[in-house]
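Listed here are the chains, written in short residue letters.
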Amino acid sequence: MEQLAILGGTPVRKNPISYGKQYIDDDDVAAVAEVLKHGDLTCGCKINEMENALCEVTGAKYAVAVSNGTAALHLAALAAGFGEGDEVIVSAITFAASANCILYCGAKPVFADIRPDTYNIDPNAIEKLITPRTRGIVAVDFTGQSIEHDAIRAICNRHKLLLIEDAAHAIGTKYQGRPVGSIADMTCFSFHPVKTVTSGEGGAITTNDEQLYHRLIRLRTHGITRNREEMVHPSDAPWYNEQVELGFNYRLTDIQAALLISQIGKLPAFAARRKEIVSRYDRAFSEMPELVVQKEIPESDTTRHLYILRLNLKALTCDRRQFFDALHEENIYSQVHYLPVYWHSYYEKLGYAKGLCPNAEAYYQEVMSLPLYYSLTDEDVAGVIKAVKKITAYYRK
Ligand SMILES: *Cc1c(COP(=O)(O)O)cnc(C)c1O
């Protein structure tokens, strides 16, 4: 058997690769340079163009560009009206921002467990957590796979809840043929460089609801409006605008918007390549009893942001840490997505105890994310598979 690199053998890969990486080409650079040379740097036409492009991709009526995905979640939670005394149900396995946005509004995050096979929020778990105080749900399209909209919509209708979809992983994904972004009451996107399309930092909210749209626009710029109908003291004066609530400066620059428009043009190619890589990994790992392949629901046509390698620890002599370290020594730099949110010490201090979501906690002990990005070559993918097989063979029971 080939010696593991961690034991002094030759690493499968010469140069390190990480789990995610942006792809920027000359068109992207030219689009940004054009704004810098000739455009408005902020509050210009590129923002409208970007919002229109997002409406086209998602099929939503309205899009609001904001400075990052966390700002998108914050504004969505505010527009939803979440506040003191309210409970909002949120996936346990997600980036902390999905739950933090509930705290920003003074409401209480209530963590729902994941399905052990898809790793997405379990509709049955949601139902059990509903109380008279429950106002909404923040559900994450984890790894890019769509949440179970039919089941979740039925719960929302039954209990009059508002659904915010955290689609930071899921631009390009469809549910029953409908693009993510046009289904939930509000859908939040992130354009951080590790996501499928990037603007450096950036985010957006899409919605089909005109009232929510106007509220989001206003909250994005300090709570200030130029719309007379929203004013308490309407005035004819051309300079007059009025702050009617407490908002923020969560605007995106036109420089970033230009980059995103250019990136959205490449989304079909990005999505196709990501799907190809996922199916290569799936094919290689599905025949190995030491590994578990993420289940995909038939309703979701997924543009995957993350590829989760899950270990069947019963069939291995190592734990996740040993596997992760061995992969690192083979020059494959993995990451773990995610710690159950309520395991963060901040949430622990708020009184959340371990044991809340057993599926999420078991999941966390067994996973790491493999490289998945557009510019990954077939040779790279083959190298990752080879390294995973080599480590698995070494630790096989
Ligand atoms: C990246 C991410 C966010 C936050 O987006 P930023 O643009 O980094 O603020 C929120 N939720 C999930 C699930 C994410 O992956």
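Residues numbered from 1 in each chain as written. Predicted model: local features only at pLDDT ≥ 70, side-chain atom pairs only at ≥ 80, totals over all residues. Heavy atoms only, no water.

### Quick look at empty space enclosed by the protein
Gaps left between atoms show up when a probe the size of a water molecule is rolled over them.
Working step 1: All chains considered together, the criterion is met by one cavity of 30 Å³ or more.
Working step 2: Here the largest cavity defines a volume of roughly 50 Å³.
Working step 3: In terms of lining, the largest cavity is formed by Lys 21, Gln 22, Tyr 23, Lys 195, Thr 196, Phe 270, Arg 274, Tyr 373 and Tyr 374. (1 Å grid on protein atoms, 1.4 Å probe; cavity = no way out; pocket = protein on both sides within 12 Å on 5 of 7 lines; lining within 4 Å. Points joined across faces, edges and corners; volume = space filled by probe spheres on them.)

### A look at the packing of aromatic side chains
Working step 1: Across all of its chains, the model carries 19 aromatic pairs by this definition.
Working step 2: Both rings, one in Tyr 62 and one in Tyr 213, keep their centres 4.5 Å apart while their planes meet at 15°; by these two values the pair is stacked. Here Tyr 62, found in strand β2 (residues 62-66), pairs with Tyr 213, found in helix α7 (residues 210-220); they are 151 residues apart in sequence, far enough to count as distant.
Working step 3: With a centroid separation of 5.6 Å and an interplanar angle of 80°, the aromatic rings of Trp 343 and Tyr 364 are classed as edge-to-face. Of this pair, Trp 343 sits in the loop between β16 (332-333) and α11 (345-349) while Tyr 364 sits in helix α12 (residues 358-366); the two residues are 21 residues apart in sequence, bridging distant segments of the chain. Tyr 364 matches Trp 343 in its accessibility class, with the two residues each being buried.
Working step 4: Counting every residue linked through ring pairs, the aromatic cluster contains Phe 95, Tyr 119, Phe 142, Tyr 338 and Tyr 363.
Working step 5: Lying across the ring of Tyr 364, Arg 320 places its NZ or CZ 4.7 Å from the centre.
Working step 6: Over the ring of Trp 343 we find Lys 354; its NZ or CZ atom is 4.0 Å from the centre of that ring. (Phe/Tyr/Trp six-rings, centres within 6.5 Å; stacked < 30°, edge-to-face > 60°. Helix = DSSP H or I, 4+ residues; strand = E, 2+ residues; numbered from the N terminus. Buried < 20%, exposed > 50% of the residue type's maximum accessible area, 1.4 Å probe, protein only. Lys NZ or Arg CZ within 6 Å of the ring centre and 35° of its normal.)

### Section: the site of the ligand
Working step 1: In the vicinity of the ligand lie 15 residues, with Gly 69, Thr 70, Asp 166, Ser 190 and Lys 195 positioned nearest.
Working step 2: Within the backbone of Gly 69, a nitrogen or oxygen atom sits 2.7 Å from an oxygen atom of the ligand.
Working step 3: The side chain of His 169 places a nitrogen or oxygen atom 2.8 Å from an oxygen atom of the ligand.
Working step 4: Taken by itself the ligand offers 380 Å² of open surface, and the protein chains cover 91% of this.
Working step 5: The cavity that encloses the ligand is the second largest pocket.
Working step 6: Take the shell around the ligand: its biggest share by element is three residues, from helix α3 (residues 69-79).
Working step 7: Counted by class, the shell around the ligand contains five nonpolar, eight polar and two charged residues. (Near = heavy atom within 4 Å. Polar contact = N/O pair within 3.5 Å; in protein donor to acceptor, adjacent residues only side chain to side chain. Areas by Shrake-Rupley, 256 points an atom, 1.4 Å probe, with all protein chains shown as cover. Sits in = over half its atoms within 2 Å of the grid points. Nonpolar A, V, L, I, M, F, W, Y, C, P; charged D, E, K, R; others polar.)

### With respect to helix α1 (residues 26-38)
Working step 1: Between its terminal C-alpha atoms α1 stretches 18 Å, which fits the 18 Å expected from 13 residues at 1.5 Å a residue.
Working step 2: Considering only its buried residues, α1 is in contact with α2 (45-58) and α8 (254-265).
Working step 3: The residue sitting at the N-terminus of α1 and contributing the capping side-chain oxygen is Asp 25; that oxygen lies 3.1 Å from the backbone nitrogen of Asp 27. (Expected span 1.5 Å × (residues − 1). Contact = heavy atoms within 4.5 Å.)

### As for the environment of Leu 339
Working step 1: By the secondary structure assignment, Leu 339 is in the loop between β16 and α11.
Working step 2: Remark: the alpha-carbon pair of Leu 339 and Ala 80, spanning 259 residues in sequence, is separated by 27 Å.
Working step 3: Here Leu 339 is in contact with Ala 92, Thr 94, His 344 and Tyr 364, once residues within four sequence places are set aside.

### Regarding the environment of Phe 285
Working step 1: Along the chain, the position of Phe 285 falls in helix α9 (residues 267-286).
Working step 2: Judged by relative accessible area, which is 1%, Phe 285 ranks as buried.
Working step 3: Expressed as a C-alpha distance, the spacing of Phe 285 and Arg 310, which sit 25 residues apart in the sequence, is 9.9 Å.
Working step 4: The contacts of Phe 285, once residues within four sequence positions are left out, are Leu 291, Val 293, Tyr 307, Leu 309, Leu 370, Ile 385 and Val 388.

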